[in-house]
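# Architecture and fold: a report
Given next are the chains, with one letter for each unit.
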Amino acid sequence: MGVHDGQAEGRGLNFFLVDTALQDTLRRSLPAEEYRRALPLLERMGELSGGAIDRQAEYTDRLARPVLETYDRQGNVVNEVRYNPLYEESVREVYGLGTIGCNYGQGALPYTVHFGLLYLLSESDPGLACPVTLTASTAYVLARHGSEQQRARYLPLLAVRTDGPFADGATFVTEKQGGSDAGLATTEARPVPPEELEAARVAFGPGDGELVRLFGEKWFASNADADLALVTARPPGAPEGTRGLGLYLMPRRLADGTTNAYRIRRLKDKLGTTGLATGELELDGALAELVTPPPDGFKHMLEALEFSRIANAAASAGIHRRVYLEAKLYAEGRRAFGLPLARHSMVQQTIVTMLAELRASTALAFEAARALDDAHRTPEPALVAWHRLTTALAKYRTGELAVRNASRAIEVLGGNGYVEEYVTARMYREAQVLPVWEGPANIQALEVLRTLRPNWRSDLAMARRLEAVAVAAEADPRSREMADLLRRRWGDAEAALGWLAAHPDAASQHARRLADLLSEILEFALVLEEAVVGLAAGDERGLVLAFWLARLSLAPAPRHGIGEDLSWLAPVYDRLTAEQPLDGVRLPGIGVEVGV
Ligand SMILES: Cc1cc2nc3c(=O)[nH]c(=O)nc-3n(C[C@H](O)[C@H](O)[C@H](O)COP(=O)(O)OP(=O)(O)OC[C@H]3O[C@@H](n4cnc5c(N)ncnc54)[C@H](O)[C@@H]3O)c2cc1C
């Protein structure tokens, strides 16, 4: 256990070994053999994230952020991003561990393992989790849509498993005039004229794809100096909108080692993720190779975004886990009015709220991860629909939960939590980006609408998933009332879906409400599913958390909960937060008829 000046804290712990909930989630999400093979990676990442990377992330954020070096001492243009050596060391460790490479080559593990590693990394350095995600997304798209030559040349470098040379990736879409509305892009992909082709091919290096030169600006370019970027751009004569966009591979360096023709104008001065170099780019004839021409270029870039949305969900759950851990430990050590904070009922309620929402967040993120793996293994429409719906809901909901709970952690730590020497302050700043990048909340809500009937029928997949949970939950008298609650709330949701289907012109007005409704129902179902597994093993912790979650959203108690019996909470608090089995809890009835 990490201890600073007599106060327990997260730093110094192996974040994987102390997180039995994550272990259970991954064990359930992966075939036994694959979980076993993933364990050394997860353990190592847990150790790094709780130790060296955590120290590095604080140092980088407070004292040694990346800087753009524009000129050398002779006034020559350099245009390089400089990082501190501790950050560079963390980067080498994280890539060399196989965070991306574990999904490729012989004995490749499911993507769920990668997302588990990202969750752990985000507990200490969400800024570093970003380039790792971008590199994974670049590899993911190249593996699916790159030419044989592109795959052979770049994948082994993007997806390494050992210490040594590697390449990192990036995805450049957003322009000044449009992020969500990517179809407004004006960056041009001009074909290299025939008379320059031979020289251009030598400059670019081996390959057989069409070469273009990119002209324009990219307004938000994270990992601005990445070795390899996927870029959306419009060839001459292509139509307006996203259907006119092609997808291109743009290396930072040409074959002779010189810098490709784009300039990092400046680095953004950001609220959080300060170790990550997010730049504005001026593309001035940068050489790039075609991956996908219009009309499918943007569609293939969206696959990178879909992948990184699940990464965003895993990172959200990771940040959430860290702030929960810090709040819980602090509340145990700090005394006020003669008692540890953790003995005051209202503090207990806050910590249990953080924990119940953490279970929800983790369950959503890894449901989306598993859905991606399932859709890969068997790309049938029902599985693809589930993958798309869970990705949008998980991206949407987990980001909101991370922000909300980072704020709660500061509340629990009081004044100290607001001070930058405590990790809660940084995590609060880091969390704010989660609901913004990779498509903000409303954009996820619109995606939820698109996945429904008649297009993708994800609502039918959700109905099946929830019913399976309800059937399992009603088999035990202790969870029967929650099974009823789940069915009732899904009934409300079906009524809402029916209304939306009958009013397609008004549907987008209500998309955000629908995303709230569906994510609250799904997260409750997933936590209830875990509860049922726990009950079968003689453990009621999951039941308590499902009950608490229901009170927060689907079944609020009457009178805003005032007067509800809370006497059961104090006796179970320690075991609940110490992740030790519980039995014989006397929860109040959930009162399915009351509330909403
Ligand atoms: C730190 C950071 C790093 C980033 N890195 C990258 C990167 O590497 N590559 C990259 O391409 N981009 C990157 N981005 C950009 C990011 O993806 C965009 O900011 C994001 O997609 C939103 O686009 P926007 O900023 O243009 O906001 P807008 O699209 O202008 O949206 C503003 C608001 O309007 C809402 N809105 C938009 N359209 C609708 C609609 N139809 N209905 C209802 N509401 C709507 C949105 O939900 C949002 O709340 C980064 C951003 C940040 C903050």
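Computed from a predicted structure; not experimentally measured.

The secondary structure content of the chain amounts to 18 helices and 13 strands. Against the compact-globule benchmark of 25 Å for 596 residues, the chain has a radius of gyration of 25 Å, which places it among compact chains. C-alpha extents for the chain along the principal axes are approximately 80 × 60 × 45 Å. The buried share among the 596 residues of the chain stands at 52%.

We now examine the pairing of strand β11 (residues 278–292). In terms of residue burial, β11 counts as a mostly covered element, since 11 of its 15 residues are buried. Here 10 bridges tie strand β7 (residues 211–222) to β11, and the two strands are oriented antiparallel to one another. The partner of R213 across the bridge, within β11, is L287. Direction of pairing for strand β9 (residues 246–251) relative to β11: antiparallel, over a ladder of three bridges. Note that in β11 the partner of Y248 across the bridge is L290. Here strand β10 (residues 262–267) pairs with β11 via five bridges, running antiparallel. Its bridge partner lying in β11, I264 is registered against L281.

Let us look at the packing of helix α15 (residues 477–502) against helix α16 (residues 511–536). Orientation of α15 relative to α16, taken along the N-to-C sense of each, is 160°, at an axis distance of 10 Å. One way to sum up the angle between α15 and α16 is to call them roughly antiparallel. Like other packed secondary-structure pairs, α15 and α16 cross with a definite hand, here left-handed. Between α15 and α16, the residues in contact are R478, S479, M482, L486, R489, W490, A493, A496 and L500 and L514, L517, L518, I521, F524, A525, L528, A531, V532 and L535, respectively. Across the contact of α15 with α16, the residue classes tally to 16 nonpolar, one polar and two charged.

So, about the nonpolar core. Ranked by size, the top nonpolar core spans 188 residues in total, and within it Y248, A314, L486, L528 and A546 carry the most contacts. With 20 residues, the single largest contributor to this core is helix α9 (residues 297–333). For this core, the two domains that each supply at least three residues are domain 1 (169–296) and domain 2 (454–577). Ignoring anything within four residues of it in the chain, the contact list for L486 reads L466, V469, A470, F524, A525 and L528.

So, on to the site of the ligand. Around the ligand, a shell composed of 23 residues is seen, among which G179, S180, F220, S222 and N442 lie nearest. For the shell around the ligand, the secondary structure elements donating two or more residues are β5 (169–172), β7 and α13 (441–450).

Here we take up the packing of helix α1 (residues 20–29) against helix α10 (residues 345–377). For the pair α1 and α10, the least separation of the axes is 11 Å and the interaxial angle reads 25°. Here α1 is positioned roughly parallel relative to α10, judged by the angle of their axes. Like other packed secondary-structure pairs, α1 and α10 cross with a definite hand, here right-handed. In contact with A21, L22, T25 and S29 of α1, α10 contributes R359, T362, A363, F366, A369 and R370. Classifying every residue of the contact of α1 with α10 by side-chain character gives five nonpolar, three polar and two charged.

Okay, helix α17 (residues 541–552) next. Side chains of residues three or four places apart in an α-helix project in the same direction, reflecting 3.6 residues per turn. Between the first and last C-alpha of α17 there are 17 Å, a value that for 12 residues agrees with the 16 Å anticipated at 1.5 Å per step. Burial analysis of α17 places 10 of its 12 residues in the buried class, which makes it a mostly covered element. Within α17, burial applies to R541, G542, L543, V544, L545, A546, F547, W548, L549 and A550. The inward-facing, buried residues of α17 contact α10, α15, α16 and α18 (569–577).

Of note, the amide linkage connecting P294 to P295 takes the cis form, showing an omega dihedral of 10°. Here P295 lies in the loop between β11 and α9. With omega at 0°, the peptide bond leading from R453 into P454 counts as cis. Inspection of the secondary structure assignment puts P454 in the loop between α13 and α14 (458–474). One non-glycine residue, N79, adopts positive backbone phi at about 55°. One can find N79 in strand β4 (residues 77–82).

Right, let's get into the domain arrangement of the chain. Here the chain is partitioned into domain 1 (169–296) and domain 2 (454–577). Computed over C-alpha atoms, the centres of domain 1 and domain 2 are 44 Å apart.

With that settled, the discussion passes to the environment of H560. Turning to its location among the elements, H560 is positioned in the loop between α17 and α18. A C-alpha to C-alpha distance of 28 Å links H560 and G417, two positions 143 residues apart in sequence.

Let us now look at helix α11 (residues 381–413). Compared with the 48 Å implied by 1.5 Å per residue over 33 residues, the 47 Å span of α11 between its first and last C-alpha is a close match. Most of α11 sits out of view: 27 of its 33 residues are buried. A positive backbone phi angle near 65° is found at G414, which sits one or two residues after α11.

Attention now moves to the environment of L230. The residue L230 is located in strand β8 (residues 228–233) in this model. Among the residues examined, L230 registers 28 C-beta atoms within 10 Å and is labelled buried. Along the backbone, L230 and N405 are 175 residues apart, and their C-alpha atoms lie at a distance of 34 Å. Residue contacts for L230: discarding those within four places in its chain leaves T138, V141, T171, L247, L249, M301 and A304.

Cut-offs and rules
- Residues numbered from 1 in each chain as written.
- Predicted model: local features only at pLDDT ≥ 70, side-chain atom pairs only at ≥ 80, totals over all residues.
- Helix = DSSP H or I, 4+ residues; strand = E, 2+ residues; numbered from the N terminus.
- Rg over C-alpha atoms; globule rule 2.2 N^0.38 Å.
- Buried ≥ 20, exposed ≤ 12 C-beta atoms within 10 Å, placed from the backbone.
- Pairing = 2+ DSSP bridges.
- Axes fitted to C-alpha atoms, helices over the stretch in contact; angles between N-to-C directions.
- Parallel < 35°, antiparallel > 145°, perpendicular 65-115°, else oblique.
- Left-handed = near helix turned anticlockwise from the far one by under 90°.
- Contact = placed C-beta atoms within 7 Å.
- Nonpolar A, V, L, I, M, F, W, Y, C, P; charged D, E, K, R; others polar.
- Core = buried A, V, L, I, M, F, W, Y, C linked by C-beta atoms within 7 Å.
- Domains from an automatic or database assignment.
- Near = placed C-beta within 6 Å.
- Expected span 1.5 Å × (residues − 1).

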